[in-house]
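Take a look at the letters that make up each chain.
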Amino acid sequence: MRKPRFQTLADLAHRREDEARKRVGLAERARAEQVERIAAIERERDGAAPGALALREFYAAFYRRLDGQITVQRQALAVREKEVEAARAELIEAHREAATWAKLRERDALTIAAAAERRMAKELDDFGARRRGGDA
């Protein structure tokens, strides 16, 4: 029996889908790490308690520095979120393509099986006709 025609393309599409799934995971992990960095900076900022009046300028500079870091990290987070969305869109497209090739392969396999069944039925009919012709 022959093989379905779309096996190689279906395998390629599934591989592409798996790679896209991995990229989504990596992008989501990078985003989670970015969120954790922001939380760590915020915890550091919240943990610093201003003391005496003489330290007010020191703490103001400290807070400005941390606020700047938080702003930079939030901008980086926005970039990470765009990467996650792009990776998800790629995964959705790869999944659609893989599903299409799988359906085509399945249809082709059904066609091949039906043709094989018809061929076997014809061979049985021919065999029966030869036997009946020989018995008479």
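About the criteria used
Residues numbered from 1 in each chain as written. Predicted model: local features only at pLDDT ≥ 70, side-chain atom pairs only at ≥ 80, totals over all residues. Heavy atoms only, no water. Helix = DSSP H or I, 4+ residues; strand = E, 2+ residues; numbered from the N terminus. Buried < 20%, exposed > 50% of the residue type's maximum accessible area, 1.4 Å probe, protein only. Contact = heavy atoms within 4.5 Å. Areas by Shrake-Rupley, 256 points an atom, 1.4 Å probe, with all protein chains shown as cover. Core = buried A, V, L, I, M, F, W, Y, C linked by side-chain atoms within 4.5 Å. Salt bridge = Lys/Arg side-chain N within 4 Å of Asp/Glu carboxyl O. Polar contact = N/O pair within 3.5 Å; in protein donor to acceptor, adjacent residues only side chain to side chain. Expected span 1.5 Å × (residues − 1).

Draft legend 1. View of the overall build of the chain. Of regular secondary structure, the chain possesses two helices and zero strands. A total of 136 residues make up the chain; the buried ones form 20% of that total. Within the chain, counting contacts between residues at least 6 apart in sequence, those at least 24 apart form 82% of the total. Carbon and sulfur atoms make up 57% of the accessible area of the chain, which totals about 10200 Å².

Draft legend 2. Looking closely at the nonpolar core. Counting residues in hydrophobic clusters, the biggest one holds seven residues: A20, V24, A27, V84, A87, L91 and A94. Ranked by residue count, the leading element in this core is helix α2 (residues 56-135), at four residues. Excluding anything up to four places from it in sequence, L91 contacts E17, A20, R21 and V24. Ranked by size, the runner-up nonpolar core spans six residues in total, among them I41, Y59, Y63 and L66.

Draft legend 3. A look at the pattern of salt bridges. Enumeration over the complete set of coordinates arrives at twelve salt bridges. Across the pair R88 and E85 runs a salt bridge whose closest N-O atoms are separated by 3.6 Å. With R88 and E85 both in helix α2 and three residues apart, this pair spans about one turn of that helix. Of the charged contacts in the structure, one is a salt bridge between K122 and D126, with a shortest N-O distance of 3.3 Å.

Draft legend 4. A look at the side chain of E17. With respect to the element layout, E17 can be found in helix α1 (residues 7-47). At a separation of 2.5 Å, a polar atom in the side chain of E17 contacts the side chain of H95. Residues within four places of E17 in sequence aside, it is in contact with L91, A94, H95 and A98.

Draft legend 5. Fine view of α1. With 41 residues, α1 should cover 60 Å at 1.5 Å per step; its first-to-last C-alpha distance of 59 Å lies within 8% of that length. Those residues of α1 not exposed but buried are A10, A13, E17, A20, V24, A27, A30, Q34, I38 and I41.

Draft legend 6. Here's a closer look at the environment of A13. Positionally, A13 belongs in helix α1. A relative accessible area of 2% means that A13 is categorised as buried.

Draft legend 7. Structural context of the side chain of Q73. Counting through the fold element by element, Q73 comes out in helix α2. Each residue touching Q73, except ones within four places of it in the same chain, is listed here: Q34, R37, I38 and I41.

Taken by themselves, the reported measurements are silent on function.
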